Amino acid sequence: MISPVSHATQVQAQAAAQSAAARQPAPAPKPPQPAAAVQPPAADTVQISTAAQALQEATETQVQTAKEARSGDVQAVRLLAKETAAHHITK
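My aim in this report is to walk through the structure given alongside it, one point at a time. Everything numeric here is computed off the predicted structure, so don't read it as measured data.

What to know about the overall build of the protein chain
Alright, step 1. Counting its regular elements, the protein chain contains four helices and zero strands.
Alright, step 2. Its helices and strands taken in sequence order, the protein chain reads α-α-α-α from the N to the C terminus.
Alright, step 3. In the protein chain, buried positions account for 8% of the 91 residues.
Alright, step 4. Per element, the accessible surface of the protein chain, about 8600 Å² overall, is 61% carbon and sulfur.

Structure below.
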């Protein structure tokens, strides 16, 4: 008895597909993802009372006021202008 050839053809087709898949390079492994996204350290904020702020500004040195004024602190700029005006009047 003669068996059909279609069975052999299927095996060849499967073998050809398997060999083609074997010739393709394996996909590059993905770099490991961190479990959680890296977050910058949390910044603590402190709010002080108005009286404490006034005391802090009153006890601040002129050098500290000048430093703050250079960095853009509007209150420090105003205070320096006030001190400079007062200094010129007393001269």
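There is more to say after this.
Brief notes about helix H3 (residues 62-70)
Alright, step 1. When H3 is considered as a whole, its buried residues turn out to be Thr65, Ala66, Glu68 and Ala69. The buried residues of H3 occupy one face: seen down the axis, they fall within an arc of 165 degrees. Residues of H3 that are exposed and point more than 90 degrees away from the buried face comprise Val63, Lys67 and Arg70.
Alright, step 2. If you follow the buried residues of H3, they end up packed against helix H2 (50-58) and helix H4 (74-90).
Alright, step 3. Two residues or fewer after H3 comes Gly72, characterised by a positive phi angle close to 105 degrees.

Notes on the packing of H3 against H4
Alright, step 1. Where H3 meets H4, the axes come as close as 8 Å, and the angle between the chain directions of the two elements is 130 degrees. Relative to H4, H3 is oriented oblique. At the point where H3 passes H4, the crossing takes the left-handed sense. Contacts between H3 and H4 involve Gln62, Thr65, Ala66, Glu68 and Ala69 from the first element and Ala76, Val77, Leu79, Leu80 and Glu83 from the second.
Alright, step 2. For the contact of H3 with H4, the per-class residue count stands at six nonpolar, two polar and two charged.

Some points on the environment of Gln64
Alright, step 1. Here Gln64 lies in helix H3.
Alright, step 2. Residues Gln64 and Ala76 lie 12 residues apart in sequence; the distance between their C-alpha atoms is 9.0 Å.

Things to note about the environment of Gln75
Alright, step 1. Locating Gln75 in the fold gives a position in helix H4.
Alright, step 2. Distance in space between the C-alpha atoms of Gln75 and Thr65 is 9.0 Å, their sequence separation being 10 residues.

Considering the side chain of Glu68
Alright, step 1. Here Glu68 lies in helix H3.
Alright, step 2. Buried charge Glu68 goes without a salt bridge, the closest partner of opposite sign being Lys67 at 8.2 Å.
Alright, step 3. The contact partners of Glu68, leaving out residues within four places of it in the chain, are Glu57, Glu60, Asp73 and Ala76.

Let's talk about the side chain of Glu60
Alright, step 1. Looking at where Glu60 falls in the secondary structure, it is placed in the loop between H2 and H3.
Alright, step 2. One polar contact links Glu60 to Thr65, side chain to side chain, over a distance of 2.7 Å.
Alright, step 3. With residues near it in sequence (within four places) discarded, Glu60 still touches Thr65 and Glu68.

What counts, and at which threshold
- Residues numbered from 1 in each chain as written.
- Predicted model: local features only at pLDDT ≥ 70, side-chain atom pairs only at ≥ 80, totals over all residues.
- Heavy atoms only, no water.
- Helix = DSSP H or I, 4+ residues; strand = E, 2+ residues; numbered from the N terminus.
- Buried < 20%, exposed > 50% of the residue type's maximum accessible area, 1.4 Å probe, protein only.
- Areas by Shrake-Rupley, 256 points an atom, 1.4 Å probe, with all protein chains shown as cover.
- Arc of directions from axis to C-beta.
- Contact = heavy atoms within 4.5 Å.
- Axes fitted to C-alpha atoms, helices over the stretch in contact; angles between N-to-C directions.
- Parallel < 35°, antiparallel > 145°, perpendicular 65-115°, else oblique.
- Left-handed = near helix turned anticlockwise from the far one by under 90°.
- Nonpolar A, V, L, I, M, F, W, Y, C, P; charged D, E, K, R; others polar.
- Lys, Arg positive; Asp, Glu negative; His and termini not counted.
- Salt bridge = Lys/Arg side-chain N within 4 Å of Asp/Glu carboxyl O.
- Polar contact = N/O pair within 3.5 Å; in protein donor to acceptor, adjacent residues only side chain to side chain.

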